[in-house]
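Chain by chain, the residues:
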Amino acid sequence: MNPTPHSKLYPIIVVGSGIAGWSTCYHLNKLGIGDFLLISERNKLNSTLSSPGYIAGGMWSNYTRLSHAHGMKSAQKCWKFGDDSYQYTKEFLMAHKGSFEQCRRLRLLNSQKELEEARVAVKQLKNAGFPSTMVRTDAYASLTKNILAVQDDGEKSGLVDPRELLTTLEKKSQTQSVQGKVIAIEHDDVGVKVFLADGSCYLCEMLVLACHLGIQKLLPELESALVPVSDQWSTWSWQGISADSNCEKTSPIWKQSGLVFSINHALEWGVTGGKGKFQAGGCRYRRALAGIGQVEMQFKKDINIFLQKKLETYFDWKITQVGSTRGAFYDIFPCDELPLIGPMYGNGRILVATGFMGLGLSYGLYAGKCLGDLIATGACNELPRLFWPERLRALS
């Protein structure tokens, strides 16, 4: 590879200033690799800083979605990666004295079809060695009769501060960084050229792309495989119990912080924050095309009003919005609904990390560890091979 005028050479370049990018830098530094550069494209589309702050084990969709699409063996590997991501994030936060409160991961089942699917999922999860139980709604007082049952996946959820987590990674990484927009890359057998919008060019032996939607533009062979999805959330408070309540008092679990719940096949969701407050979002089916293919980060008031009404049909609470703490964001869903982590097919010098489908804080942190291991040692036993981009080769 012939250097271009004014080009700078680094052994490793990481593109992306979210959790996955900074986590890769942190783990490279921890492994004794210090000569690398992070190119920050931080802007209003930074998905980490617009996150509601929850983490959870497993995957966002239920286990049956995995087992049906990819088989039992692959589903078990994927779910374990999600559990490992959650546990690793929890231990990282505790080691660095970060804010973290652990609670339970609940799926609130509001239709007969979802209830039937959950029964199958619980059975499959138990057979695969993962905790999960079906629970009557009266065990979680404050739920209305619109919730038929609860799937309890155990104590593997929590609430974290995304900005605090990102700041910790930045400080501990000891990374040289530059701000700029990457507009193109070129690669051959020797290395990779990275071109920025300001005309500058960087050379590297290995390139990590953790810039989510930007990966589509830099690697056109993945463009059809990575689907952006828009969503939003707000902070709410609950007050008392409604007049037609089917319970005498609020279950203590709803007063805890870090309980992650999802409803209606995870199209509505939330996380409790303690002191009668919680973050809840979803209802993206009220957006054009259900938010699919949209990269706008626009908070829509009409969706927020609709969400409030939906929440009040699930909980025996009077629900009100709290202040202006809210967010709009987009996430990346790979076409086969599996994360995309690992070396690019056809060029092992380029590694990618994207497609975390609602669990970007924990998956992003753990993906950075896995990529660091791959770069440093050439192997990572914790990373399922089916997450590698090679599975999408036929789309090119």
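Quick caveat, the model's predicted, so the values are computed rather than measured. Starting afresh in each chain, residues are numbered from 1 along the sequence in its written order. For a predicted model such as this one, the threshold for reporting local features is a pLDDT of at least 70, and the threshold for listing and counting side-chain atom pairs is 80 or more; totals across whole chains, interfaces and linings nevertheless cover every residue. Hydrogens and water molecules were not included; the side-chain quantities draw on all heavy atoms of the structure.

A. Structural detail: the packing of aromatic side chains. Between the rings of Phe, Tyr and Trp (Trp by its six-membered ring), a pair exists once the centres lie within 6.5 Å; its type follows the angle of the planes, with under 30 degrees stacked, over 60 edge-to-face, and the other angles tilted. This model, assessed by the stated rule, comprises 22 aromatic pairs. On the numbers, 5.4 Å between centres and 50° between planes, the contact of Tyr 88 with Tyr 366 is tilted. With a gap of 278 residues between them, Tyr 88 in helix 3 (residues 72-95) and Tyr 366 in helix 8 (residues 360-377) connect regions that are remote in the sequence. Summarising the aromatic geometry, the rings of Trp 254 and Phe 315 are spaced 5.2 Å apart at their centres and angled 80° between planes, so their arrangement reads as edge-to-face. With a gap of 61 residues between them, Trp 254 in the loop between strand 13 (226-239) and strand 14 (257-263) and Phe 315 in the loop between helix 7 (301-314) and strand 17 (318-334) connect regions that are remote in the sequence. Helix numbers and strand numbers start at the N terminus; a helix is a DSSP run of H or I with at least 4 residues, a strand a run of E with at least 2.

B. Structural context of empty space enclosed by the protein. Of the grid points, spaced at 1 Å and generated over the protein atoms alone, those admitting a 1.4 Å probe that cannot get out make up cavities, while open sets with protein on both sides within 12 Å along at least five of seven lines make up pockets; any residue with an atom within 4 Å of a point is treated as lining. Grid points are joined across faces, edges and corners, and a volume is the space filled by probe spheres set on the points. All told, the structure shown has 1 cavity of 30 Å³ or more when counted by the stated rule. Secondary-structure elements contributing two or more residues to the lining of the largest cavity are helix 1 (19-30), strand 17 and helix 8. Examining the composition of the lining of the largest cavity, we find that 4 residues originate from one element, strand 17, more than from any other. Classifying every residue of the lining of the largest cavity by side-chain character gives 11 nonpolar, 9 polar and 1 charged. Classification used: nonpolar for Ala, Val, Leu, Ile, Met, Phe, Trp, Tyr, Cys and Pro, charged for Asp, Glu, Lys and Arg, polar for all others including Gly.

C. Here's a closer look at the environment of Thr 24. Structurally, the position occupied by Thr 24 is in helix 1. For the pair Thr 24 and Asp 373, spaced 349 residues apart in sequence, the C-alpha separation works out to 9.3 Å. Any two residues whose heavy atoms approach within 4.5 Å at even a single point are treated as in contact. For Thr 24, the residues in contact, after removing those within four places along its chain, are Val 14, Val 208, Gly 368 and Leu 371. Here a polar contact is taken to be a pair of N or O atoms separated by no more than 3.5 Å, where protein atoms must pair a possible hydrogen donor with a possible acceptor and residues adjacent in sequence count only if both atoms sit in side chains. In terms of polar contacts, Thr 24 uses its side chain to reach the backbone carbonyl oxygen of Ala 20, at 2.8 Å.

D. The sheet that holds strand 16 (residues 277-282), seen in detail. Judged by pairing direction, the sheet is mixed, and its 8 strands sit side by side in the order 6-7-5-14-15-16-13-17 without closing on themselves. Unpaired on one side and paired on the other, strand 6 (133-135) and strand 17 mark the two borders of the sheet. Within this sheet the neighbouring strands show an average axis-to-axis angle of 25°, counted without direction. A pair of strands counts as paired when DSSP detects no fewer than two bridges linking them. The pairing of strand 5 (residues 105-109) with strand 7 (residues 149-152) spans 4 bridges and is antiparallel. When the bridges of strand 7 are listed, Leu 109 appears paired with Ala 149. Along the sheet face, helix 4 (residues 112-127) touches strand 5, strand 6, strand 7 and strand 14 and points at about 145° away from the line of strand 6. Between N-to-C directions, angles cover 0 to 180 degrees, with each direction set by a line fitted to C-alpha atoms, over the stretch in contact for helices.

E. Representation of helix 2 (residues 63-70). Using a 1.4 Å probe on the protein chains alone, a residue whose accessible area is under 20% of its type maximum counts as buried, one over 50% counts as exposed, and one in between counts as partly exposed. All buried positions along helix 2 are accounted for by Tyr 63, Thr 64, Leu 66 and Ser 67. Here the buried residues of helix 2 occupy an arc of 160° about the axis, which is enough to place them on one side. Among the exposed residues of helix 2, those pointing more than 90 degrees away from its buried face are His 68 and Ala 69. Against the buried residues of helix 2 lie helix 3 and helix 4. Positive backbone phi, approximately 90°, marks Gly 71, located one or two places after helix 2. Regarding the arc, it is the one traced by the directions from the helix axis to the C-beta atoms.

F. Here's a closer look at the sheet that holds strand 8 (residues 157-160). Strand order in the open sheet made by the 3 strands is 3-8-4, with antiparallel pairing throughout. Two strands in the sheet have a free side with no partner beyond their single neighbour: strand 3 (54-56) and strand 4 (100-103). Neighbour-to-neighbour, the strand axes of this sheet turn through a mean angle of 25°, independent of strand direction. Where strand 4 lies against strand 8, 4 bridges are found, and the strand directions are antiparallel. Along strand 8, the bridge assignment pairs Glu 101 with Leu 159. Strands in contact with helix 3 are strand 3, strand 4 and strand 8; relative to strand 4, the strand with the most contacts, it is inclined by about 140°.

G. Up close: the pairing of strand 16. Burial of strand 16 is extensive: 5 of the 6 residues sit out of reach of the surface. Sheet topology note: the strand 13/strand 16 ladder contains 5 bridges and is antiparallel. From the neighbouring strand, Trp 236 faces strand 16, where its bridge partner is Phe 278. Here 6 bridges tie strand 15 (residues 268-274) to strand 16, and the two strands are oriented antiparallel to one another. Bridge pairing links Thr 272 to Phe 278 in strand 16. As consecutive antiparallel partners, strand 15 and strand 16 are separated by 2 residues, and within that stretch Lys 275 has a phi angle of approximately 55°, a positive value.

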